[in-house]
Every structure is written in C-alpha cells, then in structure tokens.
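Survey of secondary and tertiary structure
The primary structure of each chain is shown beneath.
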Amino acid sequence: MDKKIEETREFLQTIGMPKAQQADICCYVILAMAGVKPDMSWSEATNEWIRIHDIIQFVNTFYGMSYAENSRETFRKQALHRFRTAALIEDNGKATNSPNYRYRLTEEIVKILRTMETPAWKESIKRFLCYHEKLIDLYASKKKMTMMPENINGENFKFSTGKHNELQKAIIEEFAPRFAPNSECLYVGDTIEKDLVKNVEKLKELGFEITLHDKMPDVVLYRADKNWIYFVESVTSVGPMDPKRILEITGMTKDVTAGKIFVTAFLDFKTYKKFAEELAWETEVWIAEMPEHMIHLNGDRFMGPR
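This is a predicted model, so every value here is computed, not measured. (Residues numbered from 1 in each chain as written. Predicted model: local features only at pLDDT ≥ 70, side-chain atom pairs only at ≥ 80, totals over all residues. Heavy atoms only, no water.)

1. Structural notes on helix α10 (residues 243–252)
Residues of α10 that are buried include every one of Arg-245, Ile-246, Ile-249 and Met-252, and no others. When α10 is viewed along its axis, its buried side chains cluster within an angular range of 130° and face the same direction. Where α10 is buried, its residues meet β8 (228–235) and β9 (259–266). (Buried < 20%, exposed > 50% of the residue type's maximum accessible area, 1.4 Å probe, protein only. Helix = DSSP H or I, 4+ residues; strand = E, 2+ residues; numbered from the N terminus. Arc of directions from axis to C-beta. Contact = heavy atoms within 4.5 Å.)

Structural data, given as structure tokens:
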C-alpha cells in the first residue's frame, strides 16, 4: 500500500509538481483516477470518467482511509485544480455544480503511468516535460515574469510573457483593427492573471453567463455598430474552435442575441496546419504571421455571424 503511494509521489515529483501537490491526498487522487489498487500493476492503469465522490470512495475502500464527503473541496483545491493546470487531468466540460461533472486522467498521463517501472518510463516522462511546463516553474515564474504592455479600450495593461499571451496581444493589436474595427474588448485572459480584462456588466447585458475563466474564450470582442460578438481562441498548443468548444460557448451564450463569430487565432501557419483537421466548419481562422488575411471554413459569406 505504502509502495504505491511512494511511487505516485515520485511520479508527481519527477514531473515537477510543487511540494503541496506531492502530499498523500494528491497521490491518492492519481491512484483513484487510474483505478490502481494496492495489489495491482501500473500497467493496468485506466482513465475512466470519475466524480470526486468516487475518488473518496475508492481511497477509503482500497487504501483504508476515512475521508468524509465534506472533504471534497480539499480534494478539488489541493489536487484536482492543480492537476488540471499541469495538464494531468481533464474535465468533461459540464457545469461544476452539475451531478454529471466528471474528471479523468488525460490519455497522455495514463500512458505514462502504464510505463512506470519499465524501461520506457524515463522516455515517456522526458517527452511529457518537453511539451508541458512544470507546474513548479509556472508558479515560480509568477514572481519574476517580465510583462508586455498593452493598451486595451484606452487603458494600459500588462500581459505576462509567453507565446499564448504574445498571440493574444496580436489579436488585440492586429486582428481587431482589421477585422473587428471599433470593437470593444469585453474579456481577455492571461496565462498567469486569468481575467486581465473582464467587463462583467457589459457581458451580462449582452446575455452572457459568466462562468469559470477556464470556460471563457481567450478574447471576447464586441462590435456595437453591427451588433457582432467575436469569440477568439488563442491557440499555441491546445483549444482550437472545434465542435466541442463551439457547443461549450454556445451553451454559455444561449441568451446572447448578438451575431456570434467564432475565430481561432494561430501565431503561424505551421501551428494552424497541426490543428486544421480539428477546426469546426463555419468558423474563421486568423494567423498572426499573415495578419491581413482570414481563412473562412466553408459557407456562403466570408465573415459574419451565423
């Protein structure tokens, strides 16, 4: 039993989780989400969709713990939220208070766990770290991050550095003046300070349901003269306007009567090509290295709400 906990702790440490996310409770969450009992091999790890209730039941049943139902918030805050930030787990996109809300390990993580104690272990960890920033580095960089100044709606803001924010800066400086002239920026996120700009009053007035930042599109622009609202996803590694994302945003904006335009923005053509097959029809694509142009995926009009 202790062996499994220590192996999990070593995994969390190796991928760069902060000390607090190497605690027993976090190890139990990984074991429960992987469905790995004390006498099982890591090669049997799975990633079924699971509720926090199920995690608690699993840990209490198979690891002899006695966590109460009211400790759910501790599980959520100390483990699940952090693991999602570090790309270890994903949720099913339901509202957080929905009885159908579930989490699971990402495909990538379950594959890594299956290699534990095998020769492929080091290579799979190395590959993961190559593509994902360690959470410990991400938290440390909050303190020393240099910032990029930006003027939004006549006010000065500072974006944290990094490719994702560089692209968001380009959306505001290059995309908006060309394809959303005279628009107002109602929301823009930042990889560190999640809600850099958030005009809650105007969003609500337009019929928006304000939800957790991780459900919000990266940039929301509103063009009053046409009554158009632009939802722009800034894509450097994840999250294009695929059909699932369109459904999420449509659900969140079911009371919005303004015309809706869905845009996926990329820094370069190479990244666009990587995601091209995932993009939903009837959406727009803007590539920062070719700022004068737009790609429209099918349909009778080049640019406009559907």
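2. Details of the packing of aromatic side chains
For the structure on display, the rule yields 16 aromatic pairs. An angle of 40° between the planes, with centres 6.3 Å apart, marks the rings of Phe-58 and Tyr-63 as tilted. Like Phe-58, the residue Tyr-63 is buried in the burial classification. Their ring planes at 65° and their centres at 6.4 Å tell us that Trp-228 and Tyr-230 sit as a pair that is edge-to-face. Trp-228 sits in the buried class, given a relative accessible area of 15%. Following the ring pairs from residue to residue traces out a cluster consisting of Tyr-28, Phe-58, Phe-62, Tyr-63, Tyr-67 and Phe-75. The ring of Trp-228 is capped by Arg-223, whose NZ or CZ atom sits 5.7 Å from the centre of that ring. (Phe/Tyr/Trp six-rings, centres within 6.5 Å; stacked < 30°, edge-to-face > 60°. Lys NZ or Arg CZ within 6 Å of the ring centre and 35° of its normal.)

3. Some details on the packing of helix α3 (residues 52–62) against helix α4 (residues 72–85)
Axis separation between α3 and α4 bottoms out at 10 Å; the angle between their running directions is 95°. Of the possible angle classes, the one that applies to α3 and α4 is roughly perpendicular. For the pair α3 and α4, the contacting residues are Ile-52, His-53, Ile-55 and Ile-56 in the first and Arg-72, Phe-75, Arg-76 and Leu-80 in the second. The class makeup of the residues in the contact of α3 with α4 is five nonpolar, one polar and two charged. (Axes fitted to C-alpha atoms, helices over the stretch in contact; angles between N-to-C directions. Parallel < 35°, antiparallel > 145°, perpendicular 65-115°, else oblique. Nonpolar A, V, L, I, M, F, W, Y, C, P; charged D, E, K, R; others polar.)

4. Points about the state of the cysteines
Taken as a whole and assessed by the stated rule, the structure comprises zero disulfides. Here Cys-27 is not disulfide-linked; the sulfur of Cys-26 is the nearest cysteine sulfur, at 6.9 Å. (Disulfide = S-S within 2.5 Å.)

5. Describing unusual backbone geometry
Here Ala-87, not a glycine, exhibits a phi torsion of approximately 65°, which is positive. Of note, Ala-87 is situated in the loop between α4 and β1 (89–91). Residue Ala-87 is classed as partly exposed on the basis of its relative accessible area of 22%. Not every positive phi belongs to a glycine, and Glu-117 is a case in point at roughly 65°. Here Glu-117 is to be found in the loop between α5 (107–114) and α6 (121–131).

6. Some words on helix α1 (residues 2–14)
Over its 13 residues, α1 extends 18 Å from the first C-alpha to the last, a length consistent with the 18 Å expected when each residue adds 1.5 Å. Those residues of α1 lying buried are Lys-4, Ile-5, Glu-7, Thr-8, Arg-9, Phe-11 and Leu-12. Gly-16 sits one or two residues past α1 and shows a positive phi near 85°. (Expected span 1.5 Å × (residues − 1).)

7. Observations concerning the environment of Ile-50
Counting through the fold element by element, Ile-50 comes out in the loop between α2 (24–34) and α3. We classify Ile-50 as buried; its relative accessible area is 10%. Sequence separation of Ile-50 and Leu-105 is 55 residues, and the distance between their C-alpha atoms is 9.4 Å. Leaving out residues up to four positions away in the same chain, Ile-50 has contacts with Ala-32, Met-33, Ile-55, Arg-102 and Tyr-103.

8. Thoughts on the pattern of salt bridges
Scanning all chains against the criterion turns up 18 salt bridges. Salt-bridge contacts for Arg-72 lead to Glu-69; the nearest nitrogen and oxygen are separated by 3.8 Å. On the basis of relative accessible area, Arg-72 is assigned to the partly exposed category, the value being 39%. Note that Asp-225 is salt-bridged to Arg-223, the shortest N-O span being 2.9 Å. (Salt bridge = Lys/Arg side-chain N within 4 Å of Asp/Glu carboxyl O.)

9. Thoughts on the confidence of the model for the protein chain
Of all residues in the protein chain, 84% have pLDDT values of 70 or greater, and the mean over the chain is 84. Looking over the protein chain, one finds the lowest element-wise mean pLDDT in strand β3 (residues 147–152), namely 46, and the highest in α2, namely 96. Low pLDDT, under 50, characterises residues 141–151; the predicted model gives this stretch 33 contacts beyond four residues in sequence or across chains. (pLDDT = per-residue confidence, 0-100.)

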